[in-house]
Number of protein chains: 2
Amino acid sequence: MSMWALPTCQAPHADPDTAGHTKITKIFITHLHGDHIFGLPGLLCTLSLQRSPDASVVPIDIYGPLGLRSFLWRSLELSHSQPLLPYAVHELVPTQDQCPAGEFRDFSGLDRGEALAQAPPGTVLHLDAETDSYLLLEDEELSVRAFRLFHRVPSFGFVLEEKPRPGKLKVHILQELGVPPGPLYGELKRGRAVELSSGVRVQPQDVLSLPVPGRKVCVLGDCSGPVGPGARRLCGQADLLVHEATLEDWGDGR
Amino acid sequence: MSMWALPTCQAPHADPDTAGHTKITKIFITHLHGDHIFGLPGLLCTLSLQRSPDASVVPIDIYGPLGLRSFLWRSLELSHSQPLLPYAVHELVPTQDQCPAGEFRDFSGLDRGEALAQAPPGTVLHLDAETDSYLLLEDEELSVRAFRLFHRVPSFGFVLEEKPRPGKLKVHILQELGVPPGPLYGELKRGRAVELSSGVRVQPQDVLSLPVPGRKVCVLGDCSGPVGPGARRLCGQADLLVHEATLEDWGDGR
């Protein structure tokens, strides 16, 4: 498991030791090697047991390479752990050039067709050729994209990018202009012009500080390098970049 | 994982921290709940990495309920961990009365047919109606049998039973009889009569102490009780019995 998002919308669990875990709603898997996926069924079972009943409607979204949904579904099905926890698996379809020739295995046929109906929900995400990336999720606050990496098995990196937030309201200017505190403040904050009862029209740029730039966090999974231009395009200007520390080529002969 | 056998025929691993693990050649799984099987693929990968190349011909035998072979094979296949380690899975076919009605799931169709050829080798063991047990293995030194238990999912207990060993040679009697140390000692120890060059015939019972009784170890998996007479038949006179500590019926109303 490479990363997880901890939203703040759920009440902390009664047991402080497990408070962090119960908040997990998104899990990102870089590749299918055993040390990255074998713990996942157990984690889902633990989360399922720890969740309070009223929080159980919040599903867990899991993102990872094609084949992950079959692995999770079969593990939980066989151990009779299904369906204590609602979860969805969103699978990234790798390209064959993400691993050495001959190592690539096609998992596109796993548990499709008849078995599909019983498996957990999810989506299958194909590479967007234009951006050389996969769009995993996007809302008003942030976007998450994946890009291709080269490894013994296809691997992926992830970019979490916040969107710019509106600047702060300059209260002293609002007061000078005679804007009454309340809903009009909200309109201006959201970037919309307002008209006062006096007939004066106030533009948002008149009362807002500069927008706050969004932060960008890039996490690369196990790899020996990027595949295609996606990684470089997405990771430029990163605020935080987490990557493998591998030897340079000159060390090969040592 | 409930038990394992640690034979002494392999050289200890260089790393003392992992010396115990590398000796595992048999693994016994009581039932398919996640906390009993989810760690198994990772353990096999670790064992595979730790084994010295010359020891790799010793396969690991894994015994457990029907469905285990499919779980292991798919987990290792998907994570590209196959076939670093030779292993065989011997599956016990449970009976429907080993769990609450409606909870029983038939895994007999999992990965049979076409997929079977790629899966690891193994056997499918059906209940022997006469003894109400499953014979897992038997050699000159010991036997291992499984018996049925009742749980939320079918569960099994295991009995390891040593066979009686020959008594010790009474050396002072051998010397009195004029038996020369060497191969004749071995013959007598194996229970065969020998004839000396003097023409004297020596019977094994004349020179052997009483046979050493074999020990019996019984390990019950998660359960609320036995199914059928197998458990009671097999576990009588046990030297060691490991079982669940559950509440008695009188505690139900508390």
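Definitions and cut-offs
Residues numbered from 1 in each chain as written. Chains lettered and ligands numbered in written order. Predicted model: local features only at pLDDT ≥ 70, side-chain atom pairs only at ≥ 80, totals over all residues. Heavy atoms only, no water. Least-squares fit on C-alpha atoms with pLDDT ≥ 70 in both. Contact = heavy atoms within 4.5 Å. Buried < 20%, exposed > 50% of the residue type's maximum accessible area, 1.4 Å probe, protein only. Helix = DSSP H or I, 4+ residues; strand = E, 2+ residues; numbered from the N terminus. Pairing = 2+ DSSP bridges. Phe/Tyr/Trp six-rings, centres within 6.5 Å; stacked < 30°, edge-to-face > 60°.

**Student:** How would you sum up the relation of the copies chain B and chain A? Please name residues and give values.
**Tutor:** When chain B is fitted to chain A, the residual RMSD is 0.2 Å, and the transformation amounts to a turn of 179° plus an axial shift of 0.2 Å. The symmetry that links the two subunits is that of a two-fold axis. Within chain B, B:Phe38 has its C-alpha nearest the rotation axis, a separation of 3.5 Å. Comparing interface residues between copies, 100% of those in chain B also lie at the interface in chain A; the contact surface is shared.

**Student:** Account for the pairing of strand S3 (residues 60-65) of chain A, with residues named and values stated.
**Tutor:** Residues and elements named next belong to chain A. Burial analysis of S3 places 6 of its 6 residues in the buried class, the great majority of the element. As defined by bridge partners, strand S2 (residues 26-28) adjoins S3 across 3 bridges and the pair is classed as parallel. Across the sheet, isoleucine 27 pairs through a bridge with isoleucine 62, a residue of S3. Bridge count for S3 against strand S4 (residues 87-92) is 6 bridges, and the pairing is parallel. When the bridges of S4 are listed, isoleucine 62 appears paired with valine 89.

**Student:** Can you tell me about the packing of aromatic side chains, naming the residues and giving the values?
**Tutor:** On inspection of all chains with the given rule, the structure shows 8 aromatic pairs over all chains. A ring pair is formed by A:Tyr134 and A:Phe156, whose centres lie 5.4 Å apart and whose planes are at 90°; its orientation type is edge-to-face. Here A:Tyr134 is found in strand S6 (residues 134-138), whereas its partner A:Phe156 is found in strand S8 (residues 155-162), with 22 residues between them in sequence. In terms of burial, A:Tyr134 and A:Phe156 fall into one category: buried. Each ring, one from B:Phe38 and one from B:Phe71, has its centre 6.3 Å from the other, and the planes form 40°; the classification is tilted. Taken together, the residues B:Phe38 in the loop between helix H1 (34-37) and helix H2 (40-50) and B:Phe71 in helix H3 (residues 68-78) connect sequence positions 33 residues apart. Residue B:Phe38 shares its accessibility class with B:Phe71, and that shared class is buried. Taken together, A:Phe28, A:Tyr63 and A:Phe158 form an aromatic cluster joined through their ring pairs.

Taken by themselves, the reported measurements are silent on function.
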